[in-house]
Amino acid sequence: MILHETETRNGHVLAVARAMMAAARTAPKGKGLDFMDIKTITGEHISELACEMRVYGERSGMNFFLRDAGNVEQSECVVLMGTAIGTMGLNCGYCGFPTCVAKQEHPAIPCALNPGDLGIAIGSAASIAADNRIDNRILFSAGRAALDLGWLPGCAIAYGIVLSCTSKNPFFDRTAHKPAEGK
């Protein structure tokens, strides 16, 4: 048997995405409580995500969403990670409230450990991609659009990690999009 790398590339990227999801799931979580949702999208969902990113970018005036949408379209898959907002019962005060009970009166404000746990999981997942020589970039914009699409139900904070395995990293030399007229 002779295998050409172009025939195995996509399968390798998807295997790495699966390993990234496992790394994110097993990353340490505050007090052992897990508020995360983790998914990988491919195929037509990549186009759907890029489209939503463009809509958000146009609506908000955040033009980096337009640039990032192009990166999503250049990826073979996108690993999405989000976290719900939940208290840990530690009464640490990191959220700005003296107790978790006091914080719960303000449900839109996250427990400080939720985004911290998400960040640790993202770092763990991105290291798997790097260890396997898969080009990747962490995008706030992809996570924001995934939330708007309802792909991470119950989550309030999310990021996406785009993956590519080509001879040139498409996520490195990125050009900025100029604002539309009147913005």
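Relevant structure appears above.
Now for a quick tour of the structure. The model shown is predicted, which means the values in this text are computed figures rather than measured ones.

Strand order in the open sheet formed by four strands is β1-β2-β4-β3, and the pairing between neighbours is antiparallel. Each end of this open sheet is capped by a strand with a single partner; those strands are β1 (36–41) and β3 (135–139). This sheet shows a mean twist of 15 degrees between the axes of neighbouring strands, independent of strand direction. Inspection of the sheet shows β1 paired to strand β2 (residues 77–83) by six bridges, in the antiparallel sense. Residue Ile41 lies in a different strand from β2, and its bridge partner there is Val78. Across the face of the sheet, helix α6 (residues 140–148) comes into contact with β2, β3 and β4 (157–164) while running at roughly 120 degrees to β4.

Per the stated rule, a full pass over the model turns up five aromatic pairs. Judged by centre distance (6.4 Å) and plane angle (40 degrees), the ring pair of Phe64 and Phe140 falls under tilted. Placement of the pair is Phe64 in helix α3 (residues 64–73) and Phe140 in helix α6, with a sequence separation of 76 residues. Classification of Phe64 by relative accessible area gives partly exposed; the value is 31%. On the accessibility criterion, Phe140 (37% relative accessible area) is partly exposed. Members of the aromatic cluster, each reached through a chain of ring pairs, are Tyr56, Phe64, Phe65, Phe140 and Tyr159.

Grouped together as the largest cluster of nonpolar side chains are 22 residues, with contacts concentrated most on Ile41, Leu49, Met53, Val72, Val78, Leu80 and Leu152. Contributing elements (two or more residues each) for this core: α2 (44–60), α3, β2, α6 and β4. The greatest single-element share of this core, amounting to five residues, is contributed by α2. Val78 has contacts with Lys39, Thr40, Ile41, Leu49, Val72, Gly160, Ile161 and Val162, leaving out every residue within four places of it along the chain.

Further remarks concern empty space enclosed by the protein. Across all of its chains, the model carries two cavities of 30 Å³ or more by this definition. The wall of the largest cavity is formed by 13 residues, among which Cys92, Gly93, Cys95, Cys100 and Cys111 lie closest to the centre. Across the lining of the largest cavity, the residue classes break down as eight nonpolar, four polar and one charged. Here the second largest cavity is characterised by a volume of approximately 30 Å³. Taken together, Lys29, Leu33, Asp34, Phe35, Met36, Thr83, Met88, Asn114 and Asp117 form the lining of the second largest cavity. For the lining of the second largest cavity, the residue count by class is four nonpolar, two polar and three charged.

Calculation notes
Position labels on residues start from 1 in each chain and follow its written sequence. Residue-level local features of this predicted model are given only where pLDDT is at least 70; pairs of side-chain atoms are given and counted only at 80 or more, and the full residue set underlies all totals for whole chains, interfaces and linings. For the side-chain quantities, the full set of heavy atoms in the structure was used; hydrogens and water were omitted. In this description, strands pair whenever DSSP reports at least two bridges between them. By the criteria applied, helices consist of DSSP H or I runs no shorter than four residues and strands consist of E runs no shorter than two, each listed in order from the N terminus. To get an axis, fit a line to the C-alpha atoms, keeping to the stretch in contact for a helix; angles then go from 0 to 180 degrees between the N-to-C directions. Only heavy atoms matter for contacts: two residues are in contact if any of them lie within 4.5 Å across the pair. Each Phe, Tyr or Trp ring, with Trp reduced to its six-membered ring, pairs with another whose centre is within 6.5 Å; inter-plane angles below 30 degrees give stacked pairs, above 60 give edge-to-face pairs, and intermediate values give tilted ones. Remark: exposure states derive from per-residue accessible area (1.4 Å probe, protein chains only) relative to the maximum for the residue type, with buried under 20%, exposed over 50%, and partly exposed in between. Each nonpolar core is a collection of buried residues, namely Ala, Val, Leu, Ile, Met, Phe, Trp, Tyr and Cys, held together in the definition by side-chain atoms within 4.5 Å. Buriedness of a pocket was judged along seven lines, with at least five required to meet protein on both sides within 12 Å; pockets are open sets of points on a 1 Å grid over the protein atoms alone, cavities are sets where a 1.4 Å probe fits but cannot get out, and lining residues have an atom within 4 Å of a point. Grid points are joined across faces, edges and corners, and a volume is the space filled by probe spheres set on the points. Asp, Glu, Lys and Arg are counted as charged, while Ala, Val, Leu, Ile, Met, Phe, Trp, Tyr, Cys and Pro are counted as nonpolar; the rest, among them Gly, fall into the polar class.

Such coordinate-based values are descriptive only and should not be taken to indicate function.
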